[in-house]
Structures are given as C-alpha cells and as structure tokens.
Amino acid sequence: MRLEPIANPTAARRLGLPVLAIAATMLIAMVLALIAGANPFAVLGQIARGALGSKLAILETLNRATPLIFTGLAVAVAFRAKLWNIGAEAQLYAGAILTVVLGTGALGAPLVLPLSALAAMLAGAALLLGPVLLKTRLGVDEVVTTLLLNFIMLLFVSYLLEGPMKDPLGMGWPKSPALIPEARLPRIVDGLRLHWGFALAILAAIVVWVIQTRTALGFEIRAVGQNPEAARFAGMPVNVVLIKTALLSGGLAALAGWSQVAGLKGHLSLDLSPGFGYTGIIVAMLALLHPLGVVVTAIFVAGIFVGSDAMSRAAGVPTYIADMLMATALLCMVLAILLTKFRVVRG
Amino acid sequence: MSKSEGAEVVLRLDRISKSFGALKANDSVSLTLRRGEVVALLGENGAGKTTLMNILFGHYVADDGEVEVFGQPLPPGNPRAALAAGVGMVHQHFTLAGNLTVLENIRLGTEHLWARRHPDARGKVERLSRDFGLSVHPDAKVCRLSVGERQRVEILKALYRDARILILDEPTAVLTPQESEALFATLRKATGLGLSVIFISHKLHEVMAIADRCIVLRHGRVVGEVDTHATDKGALAAMMVGGELSLPRAEARAPGKVLMQLDSVTTPDHGAVPGLKQVSLALRAGQITGLAGVSGNGQAALAEVIAGLALPSAGTLSLHDARITDWSPRVALSNGVGRIPEDRHHQGSIGDFDLTENAVLEAYRTRFSRRGWMNWRAARAFAQEIIAGYDVRCPGPETRIRLLSGGNMQKLILGRAMASGPDIILANQPVRGLDVGAIAYVQGQLIAARDRGAAVLLISEDLDEIMGLSDVIHVISQGRLSPGFARGSMSAADLGLWMAGQKFEGADAA
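Numbers given for residues are sequential positions, taken from 1 along each chain in its written order. Lettering for chains starts from A, numbering for ligands starts from 1, and both go in the order in which the items are written. Only residues with pLDDT of at least 70 get local features here, since the model is predicted, and only at 80 or more are side-chain atom pairs given and counted; chain-wide, interface and lining totals rely on the full set of residues. The basis for every side-chain value is the complete set of non-hydrogen atoms in the structure, without hydrogens or water.

## Here we look at the overall build of chain B
Rules: Only runs of H or I of at least four residues qualify as helices and only runs of E of at least two qualify as strands under DSSP, and these elements are numbered from the N terminus. For a compact globule the rule gives 2.2 Å times the number of residues to the power 0.38, and the radius of gyration it is set against comes from C-alpha atoms. The buried label applies to any residue whose accessible area, calculated with a 1.4 Å probe on protein chains only, is under 20% of its type's maximum; exposed applies above 50%, and partly exposed to all values in between. Here, residues are in contact when the closest pair of their heavy atoms is within 4.5 Å. Each accessible area is a Shrake-Rupley result for a 1.4 Å probe, and residues are judged covered by the shown protein chains and nothing else. Under this rule, positive means Lys or Arg and negative means Asp or Glu; His and the chain ends count for nothing. Taken as the charge location is NZ of Lys, CZ of Arg, CG of Asp or CD of Glu.
A tally of helices and strands in chain B yields 17 helices and 23 strands. Relative to the globule expectation of 24 Å for 510 residues, the C-alpha radius of gyration of chain B, 25 Å, shows essentially globular dimensions. In terms of overall dimensions, chain B has a C-alpha envelope of 70 × 55 × 45 Å along the principal axes. In chain B, which comprises 510 residues, the share counted as buried stands at 54%. The long-range fraction of contacts in chain B, counting pairs at least 24 apart against all pairs at least 6 apart in sequence, stands at 68%. Summed over all atoms, the accessible surface of chain B reaches about 21,700 Å², with 51% contributed by carbon and sulfur. The average position of the 56 basic charges and that of the 55 acidic charges among the side chains of chain B differ by 5 Å.

Listed below in structure tokens is the structure:
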C-alpha cells in the first residue's frame, strides 16, 4: 500500500472526511463506554446533557472553552506558518504570573486590567522568542524546545508558589495571594458565572482571522507556511515572519492564563491549567487551523470535558474517557486531513 | 562494432511512450542491452532518462510499448517483478538506513519478518565484495561511511539480490574523481563476470571512459545511438543538446550600456556541485546573453547571485554602475531585476495559493498593500491583467496554481516578472518541460523584452535555444566562464568542446 497525492480534492472529500472523523470518534467512544461496563448511548447522552443540558451547564462549558479558544488560536496561528509551538502551556503560565504580579496591588484601577493583559501577552511572546530565535539562527527544532519549556515553566511556577509568591494567608497551600477586585474580569451578566474573557476570546478569533486574510503579515505567514523557499525567492523576510508569528502566538497563549486568573480563579495555583496548552493543539487541528473554527471546536472540546464530569458522576464511567475521546478525535482528524490530500493505492 | 555484438540480449525496451499531460516524456524509445555490456543513457535534465528507468523499474506504467527481461515480458507497474527478474537499480539518492550496519542494510527487505535468518548472508556479502572489488566492512555503521562507500553498499545490495542488470542513475554525481575511478573498475569487473549495466549520465568524459555503447535522448526521443570508440566528446555534446537550429531566432541588435556587471565573482562549492570561479560577466541593455553548459556546472550559483539569494564570497557585483553590498531578493526586485526561477513549482510559485496570491507574491508590499492592509481588489485585477495579457489558460484568478499546466504556470510567473518593467531579466531554464506552443510564447516575450531595451540573461541546457536567442553566448564549465562569443561565431560542436571543459585547459595553458 502506498499514498498517492490528490491534485484537487472534491468538496465532498474536504468537508465529508472531517465529519466522518467526528462520527468515528463517537463510535470509538461508545466502544470505550461499553468496555467500561456502561450503556454507550446513555453515556453519550449524559455527556451531552452534562455539557448543554441546563443554563448552568452551558455557562460552565463556555467558561471552560475560553482558555481553549486562546490556546487554540495560539497553536493555529503558529502551525499556519509551520512553526510548531507545543509550548502554549508554558506561555499560559507566563501570562498568569504577570497577571498576578501586576494584579495584586502593584497597579491600581482603572488601568490594571488592560495593562496586566498587555504584560501577560509580552511575557508569553518573550517566552516563545527564545525557541524561535534558536530555530532561525541555529536550526534548533522548536518542537523540542517549546515542549521542554512547559516543564521548566511548571517547576518555576511551583517554586514561585512555595517561595516569593506564596500567599501568607494561604494556610500553607501553594497558591498566590488573590487579585484586587479591580484586577478581576467582570461577569458579562450579573449573577451568571460567565466572565468577559469569553467575549474577548471571540474577539481575538476575529482579529486573528482578519490578520490572516486581510493583512500583508497574514499573507506572509501563510506563504512561509506553505512554501518557505518560494517565499524567500519572492523577497519575503522568512525569519522575520517566523519571529512575528511567534510573538503573536505566544501572546495569544498568555491571554489564556490571564483570563483564567483574572476571570475565574482570582489567584495563581498549580492547577490553573489542566493541560489547556496541549488541548489547544487538538482544538486547532480539529478546526483545520481556521481561527473562527477554533471557537466552535473549543466549545465542542470544552463540552466533552464538562459533560464527561457530569456523566462520570451519573454512570460511574471514569472521566478519563474525556481524555481518550480527545486523543481519538485528534487521531481521526489527522487521518482525515491526510486522506483529503492523499488516496491509498494498492501495490 | 561493439565488443559484445552477438551476445545474448538481456533487456529490451520496445517503443516505450509516456506522456504527462501535454508533455511527451518518452516518445517511442527503444533500447537493447546485451550480456556484459555497459550502455550509457545520455541526455540533459528533462530528456526522459529517469522516466524511462522508472518505467523499466515499475514505478510508472508506460502508455505504450513493452519491456522484456531475459526474453520474458515484464508486467508493467510492478517493482517487485523487476527485482525478481534480476534488475537492480542504484538511485542517485541512496536509500540506506544510517543507523544500521552494512550487512543489515543489505539484508533489509530481502527476508520476511518472521523467516529464519539467511544462514550465510555474511559469507555471500564478503564473497561479492571480494569478486567485484567493493571493499567495505560488513559491520560498519552506514552513517559512518563516506559517500563512495555508501554507493558500494547500494551496489552490493543489488548484487546480493542476484541482479544481472544494474542500472546506475547519475552514479558519479556525488563522487570524487578517485571514487569514480574505483567505481569504473568495479563496473569493468562486473561486466567481465557477465553482468550488464545501464549508466545514466550527462558527463561526457565518463561515458567515453566506461560505456561500450551510448544512447542519446533528447526531448523524450532517441536522437542517436553510437559506439563510444567510434565517436568523440564534441559529437556527443552536439547530439545531446541538439546542433540543428530549428527554434525562432532573434535578430541581432546593437548592444547598449552595461546594466549589471560581475567582476571576478566567486561562490563556495556545494559538495560536488561547483560554485563560481572568478566569473566576470557584463549584462548589456538590449542584449540577450546566453549561458550554455551541462547542468550542475555552476549555473545555479550564478542564478542565485543575480536573483538576490546570495552575495559572492569574493569579487564584486554592480548594478547600474553602483557596487552592490546590500543584496536580497527584495533589493533585486526594487532595482529592476525580473526573475524567472529554474524551479517553478518550488521557487516560483506556492501550489496551494490561488493565481491572485501568486501574482502578487513579489509586489504585495509595494503595490498591493497600504499600511499593512492588503488590497485584494487591486490584486485580483492585477492577476486578471496577467491572465489576459500573457494568455494564461485557467478557470479564473481563484484557481489554485498547482492545477495549472507547466506552461500556464510559467506564463503567470513570466507576467509577474515582467509587470514591473524590469530592465534586467534572469530567465533560468524558462522553457524546460513546456510544450511547443508555450515555448514559442515564452521565448517571444524574452525577445520582446530585449527589444524594449532590457538586459536578458538566458540560462539553458538546450543549445538550440541558446544559439537561437542569444546575442552573446558564454559557456560555463566547472564554475568557470568562457569568453563571450558573438552570435553565429561558434558552431554547436565548438561550444560542445567548451562545455566539456577541454577549451578551458587550452586557455589556462595559453
């Protein structure tokens, strides 16, 4: 068996295969539920109900989707230029640290919110600058450097929370002091648990989409990703484009940390992100790197996680099924992308 | 008379034809190979050598014609059948696993996963390596071996599979002269032991040294078949690149002033591919300067310098009488250098971009955006202008460029390069792989640009094209540039001698 490139895939192939991938994911999820000893239809039903079944459930899903939109956008922007940023998790924490540093009294109202967002973005951008410079100057593989920075960052946060940033009133728990009220993101509607971070995430998706389709930088990013040799020949500054892409990507990932701290938690702790940076890769891939698609897939993925929590309590199937679902969805989607570009030929 | 005349025919290709779209890659090509014979397959890039061998080896299925090995027809499209029939191929790019040993590489793919190991693989490899003079240690890791040694492993691999017919694709391209000599010694031993060899090359002196017979391909057709001892390099060169003048000729013009000047320009070698050696060249207004030469002799290095991709490591480059120090594709473009790259798929265009995006690839910052915002309406109008003005056949500007034929792709690139009214034009292999109509169109545009007063540098391996279009011809060989020859002052055979490098020695001695 070998793969043969398809010159011009039909619309049915380009749109049908991703749909088929989602369907295949569901089917595999049902098999997993069966193995766990539950009724597969009931499990899927409970996941759906847990994610969307009530106003509370929907708001919880949207809250969970917010950081995923930011990290998904960060990954989508970088991957579009074939810059493999696997370090959104670290950039998220970099943003969170700056939010806490500026939001616990260092700055007062009314500038603390925009300034902490800006500082968070700069921190995330700076964190990705190192790997991209190593890539453009020395050819160091950014997959390795960005991935390893995640662990370094997590250990650094752990050090901060046990040392200089430890909350003296925290009863010994490793967490930072709480943000001042002015540094918190307000709720969109009073009394409902959805904060403005969600609206800003959607705004960010629109901004990224406009950059990609309407600006010269977006044109460069896409050209460098598709064919760096032709981009260089045409006079594009390939390395500069990669650096700009990295700054944008790192900044977006950092906003995930900012919105989690300022919008939801109010302080920094080690459980701030249950792998939002990594899940962002799945979100971006499921959206086929389209910035507006990221909003949809982030809500979908968030729904599965939120729904699985509820389902687990009701059906007794472990919540790990959500992680397995995500992994299956990613594999199915990667396969679908492959099969839109190649067909399998015998011999 | 060939020395092996009358020996058993081991391989017969009969009237093989293969088309890719409008391009005839092989047009009724026939070839016979006898036992103990070395046949050279000679031809420029794009002449159809590789297509022919891919058909023989089952990677492509021929549109027409038959392949017979040892009297048995070979089923088309089946690489395993070719291997089983005793055909072994050594590719230009080796297919070895660097982290395995020589012995492991040789056995790789010859045994089933669960089968018992061949009891005496080592003995067989050692015997073959002794018999054929292929000295290489069976337990050495391949990643530690030199290029020449790796090639020996590839040949051993073929012999281990009991190949009786060896196909070597440009085997000396990556070898030093000494390694090439060792390879030739091996090939002589092999033919002495009854093997037959097809030797693909465009290096004339090697063909003369090793081959018994030589088949010359051009534009997919066999244009000549000669015994090597009955011919010489000049005749082969002329045959290879075509001596007969059939393409449109441009009328001579009085040259204008020098627009671009290279003085003693030197660039570093890239492995076996030579860089430029003290090249001085003046490109004049209203003149087409032709650069002839066998591929891989420094044309790419010269094109890179002119296109803005590289600065010389020594020597100077001047543009409009000003010495260039800051040099990039963008600087070249803004100084009126129009570029048609050699590789339109990888350098000239972005396959998944549509025609509009490809059309503005060079001018998106200067003409089609303001303060960083793209003006797609203007871009689309520009693409439509090129499509209409340069006769690009396509469904519309939203078509992705990789769906276009080579000729139409090239017309878009040509239109893009010409749009800014460049006064220096680099045309690197502008018509390679195009059909006849597109060739005439592209060449006509180059002549029109010259008549407008542009300085055109035409790089081509097709001597007909060079002789038909150029006002001045330079020959490049091993990175060295010949003096300029005025139109009509040199015959194809004379140029062939320069291309073979012989005249340079004469010039050096003088």
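Structure shown, so let's carry the discussion forward.
## Examining the packing of aromatic side chains
Here is the rule we go by: Put simply, two rings from Phe, Tyr or Trp (the six-membered ring, in Trp's case) pair if the centres are within 6.5 Å, and we call them stacked under 30 degrees between planes, edge-to-face over 60, tilted for the rest. A positively charged side chain is recorded as over a ring if its NZ (Lys) or CZ (Arg) lies within 6 Å of the ring centre. The angle to the ring normal must also be within 35 degrees.
Under the counting rule described, the total for this entry stands at 8 aromatic pairs over all chains. Here the aromatic residues A:Phe219, B:Phe353, B:Tyr364 and B:Trp376 are joined through ring pairs into a cluster of three or more. Here B:Lys124 stacks its cationic end above the ring of B:Tyr160, 4.8 Å away from the centre of that ring. A cation over an aromatic ring shows up here: B:Arg339 above the ring of A:Phe233, its NZ or CZ 4.1 Å from the ring centre.

## Remarks on the pairing of strand E13 (residues 287–292) of chain B
Residues and elements named next belong to chain B. Filter applied, for reference: Any two strands between which DSSP finds at least two bridges are classified as paired.
Of all 6 residues that make up E13, 6 are buried, and the element is covered over most of its length. Two strands pair when backbone bridges link them, and E13 and strand E20 (residues 455–459) are joined in this way by 5 bridges, in the parallel orientation. Bridging across to E20, Gly290 finds its partner in Leu458. As judged from the 4 bridges shared by E13 and strand E21 (residues 472–477), these two strands associate in the parallel manner. When the sheet's bridge partners are listed, Gly290 is paired in E21 with Ile473.

## Re the domain arrangement of chain B
The criterion, for reference: Segmentation of the chain into domains, including their bounds, is taken from an automatic or database domain assignment.
Domain annotation for chain B reports domain 1 (9–86 + 164–240), domain 2 (99–161) and domain 3 (258–357 + 422–509). Taking only C-alpha atoms, the centre of domain 2 of chain B and the centre of domain 3 of chain B are 43 Å apart.

## Description of the nonpolar core
For soluble globular proteins, nonpolar side chains are generally found buried alongside one another. To keep it simple, the criterion reads: Joining through side-chain atoms within 4.5 Å is the link that ties buried Ala, Val, Leu, Ile, Met, Phe, Trp, Tyr and Cys residues into a set, and such a set is a nonpolar core.
In this structure, A:Phe219, A:Leu268 and B:Val360 are the most contacted members of the largest nonpolar core, which totals 198 residues. Counting residues per element, this core draws most heavily on helix H3 (residues 55–80) of chain A, at 13 residues. Setting aside residues up to four positions removed in sequence, A:Leu268 forms contacts with A:Tyr93, A:Ala96, A:Ile97, A:Val100, A:Val157, A:Leu161, A:Met165, A:Lys175 and A:Ser176. Counting residues in hydrophobic clusters, the runner-up holds 32 residues, among them B:Leu259, B:Val279, B:Leu283 and B:Leu319.

## Thoughts on the sheet that holds strand E15 (residues 322–323) of chain B
Residue and element names in this part refer to chain B. The cut-off we apply is this: Axes here refer to lines fitted to C-alpha atoms; in helices the fit is confined to the stretch in contact. Angles between the N-to-C directions go from 0 to 180 degrees.
With antiparallel pairing, the 4 strands of this open sheet are ordered in space as E12-E11-E14-E15. What marks the edges here is a single partner per strand, and that holds for strand E12 (279–284) and E15. Pairing of strand E11 (residues 258–266) with E12 involves 5 bridges; the strand directions are antiparallel. Across the sheet, residue Gln261 finds its bridge partner in E12, namely Ala282. On the sheet, helix H9 (residues 299–307) packs against E11, E12 and strand E14 (314–319) and is oriented at approximately 130 degrees with respect to E11.

## Considering the interface of chain A and chain B
Threshold: Here the quantity called buried area is the accessible surface, traced with a 1.4 Å probe, that two parts lose on coming together, added over both. Salt-bridge detection follows one rule: a side-chain nitrogen of Lys or Arg within 4 Å of a carboxyl oxygen of Asp or Glu. Here a polar contact is taken to be a pair of N or O atoms separated by no more than 3.5 Å, where protein atoms must pair a possible hydrogen donor with a possible acceptor and residues adjacent in sequence count only if both atoms sit in side chains.
Listed per partner, the contact involves 25 residues of chain A and 28 residues of chain B. For the pairing of chain A and chain B, the buried interface totals around 2,300 Å² over both sides, and the portion due to carbon and sulfur atoms is 58%. The interface formed by chain A and chain B includes 3 salt bridges. Note that A:Glu220 and B:Arg330 form a salt bridge whose closest N and O atoms lie 3.8 Å from each other. Our count for the contact surface shared by chain A and chain B stands at 11 residue pairs in polar contact (both at pLDDT 80 or more). At the level of elements, helix H7 (197–214), helix H8 (216–226) and helix H9 (228–233) of chain A are the ones that each hand at least two residues to the side of chain A that touches chain B. When residues of the side of chain A that touches chain B are assigned to their parent elements, the largest contribution, 7 residues, is made by H8(A).

## Thoughts on the pairing of E20(B)
Burial within E20(B) is extensive, with 5 of its 5 residues counted as buried. By the alternation rule, side chains of E20(B) split into B:Ala455, B:Leu457 and B:Ile459 and B:Val456 and B:Leu458, which are all buried.

## Some words on the pattern of salt bridges
Counted according to the given criterion, the structure contains 26 salt bridges over all chains. The closest approach of N and O atoms between A:Lys135 and A:Glu142, which form a salt bridge, is 3.2 Å. A salt bridge links B:Arg402 to B:Asp352; the shortest N-O distance between them is 2.7 Å. Pair noted here: B:Arg402 is in the loop between helix H12 (376–389) and helix H13 (406–419) and B:Asp352 is in the loop between strand E16 (337–340) and helix H11 (355–359), with a separation of 50 residues, a long-range link. With a relative accessible area of 32%, B:Asp352 lands in the partly exposed category. Each of B:Arg450, B:Asp451, B:Asp471 and B:Arg487 takes part in a single network of salt bridges with overlapping partners.

## Section: helix H1 (residues 49–56) of chain B
Residues and elements named next belong to chain B. Counting buried positions along H1 yields 7 of 8 residues, so the element is predominantly enclosed. All of the buried residues in H1 are Lys49, Thr51, Leu52, Met53, Asn54, Ile55 and Leu56. Backbone geometry just downstream of H1 places Gly58 in the positive-phi region, at approximately 85 degrees.

## Notes on a nonpolar patch on the surface
Residue and element names in this part refer to chain A. For clarity, the cut-off: For patch detection, residues must exceed 30% relative accessible area and be free of salt bridges, and they are connected within 9 Å for like charges or within 5 Å for nonpolar side chains (Val, Leu, Ile, Met, Phe, Trp, Tyr).
A contiguous nonpolar patch, built from Leu3, Leu335, Leu338 and Val344 and spanning about 330 Å² of accessible area, is present on the exposed surface. Among the secondary structure elements, Val344 is positioned in strand E2 (residues 342–345). In this structure Val344 comes out as partly exposed when scored by relative accessible area, which is 45%.

## Focus: the sheet that holds strand E7 (residues 165–169) of chain B
Residues and elements named next belong to chain B. The 6 strands lie next to each other as E6-E7-E8-E3-E9-E10, forming an open sheet whose pairing is mixed. Edge positions in the sheet fall to strand E6 (87–90) and strand E10 (221–227), since each of these pairs with one other strand and no more. Each neighbouring strand pair of the sheet contributes to a mean axis angle of 20 degrees, computed without reference to strand direction.

## A closer look at the side chain of B:Lys18
Within the secondary structure layout, B:Lys18 lies in strand E1 (residues 9–20). No salt bridge is formed by the buried B:Lys18. Its closest oppositely charged neighbour is B:Asp63, at 4.0 Å.

## A closer look at the packing of helix H4 (residues 88–103) of chain A against helix H5 (residues 112–138) of chain A
Residues and elements named next belong to chain A. The cut-off we apply is this: In this scheme the handedness of a crossing depends on how the near helix is turned from the far one: anticlockwise by less than a right angle means left-handed, clockwise means right-handed. Each residue gets one of three labels, nonpolar for Ala, Val, Leu, Ile, Met, Phe, Trp, Tyr, Cys and Pro, charged for Asp, Glu, Lys and Arg, and polar for the others, Gly among them.
It is at 8 Å that the axes of H4 and H5 come closest, and there the two elements cross at 145 degrees. Of the two possible hands of crossing, H4 and H5 adopt the one that is right-handed. Contacts between H4 and H5 involve Ala90, Gln91, Ala94, Gly95, Leu98, Thr99, Leu102 and Gly103 from the former and Val112, Leu115, Ser116, Ala119, Ala120, Ala123, Gly124, Leu127 and Leu128 from the latter. Partitioned by chemical class, the residues of the contact of H4 with H5 number 11 nonpolar, 6 polar and no charged.

## A few points about the packing of helix H1 (residues 11–35) of chain A against helix H13 (residues 320–341) of chain A
Residues and elements named next belong to chain A. Spelled out, the test is: Note on terminology: angles under 35 degrees are roughly parallel, angles over 145 are roughly antiparallel, angles of 65 to 115 are roughly perpendicular, and the others are oblique.
Packing of H1 against H13 leaves a shortest axis separation of 8 Å and a crossing angle of 150 degrees. In terms of orientation, H1 lies roughly antiparallel with respect to H13. In this structure, H1 crosses over H13, and the sense of that crossing is right-handed. Across the interface between the two elements, Arg13, Arg14, Leu17, Pro18, Ala21, Ile22, Ala24, Thr25, Ile28, Ala29, Leu32 and Ala33 from H1 touch Ile321, Met324, Leu325, Thr328, Ala329, Cys332, Met333, Ala336, Leu339 and Thr340 from H13. Here the contact of H1 with H13 is built from residues that sort into 17 nonpolar, 3 polar and 2 charged.

## A short note on the environment of A:Glu182
Structurally, A:Glu182 can be placed in the loop between helix H6 (142–162) and H7. It is 7.4 Å that separates the C-alpha atoms of A:Glu182 and A:Leu113, two residues lying 69 residues apart in sequence.

## Overview of the confidence of the model for chain B
Rule in force here: A residue's pLDDT is the confidence the predictor assigns to it, expressed on a 0 to 100 scale.
For chain B, per-residue confidence averages 85 on the pLDDT scale, and residues scoring 70 or more make up 91% of the total. The secondary structure element of chain B with the lowest average pLDDT is helix H17 (residues 502–509) of chain B, at 64, and the one with the highest is H11(B), at 96.

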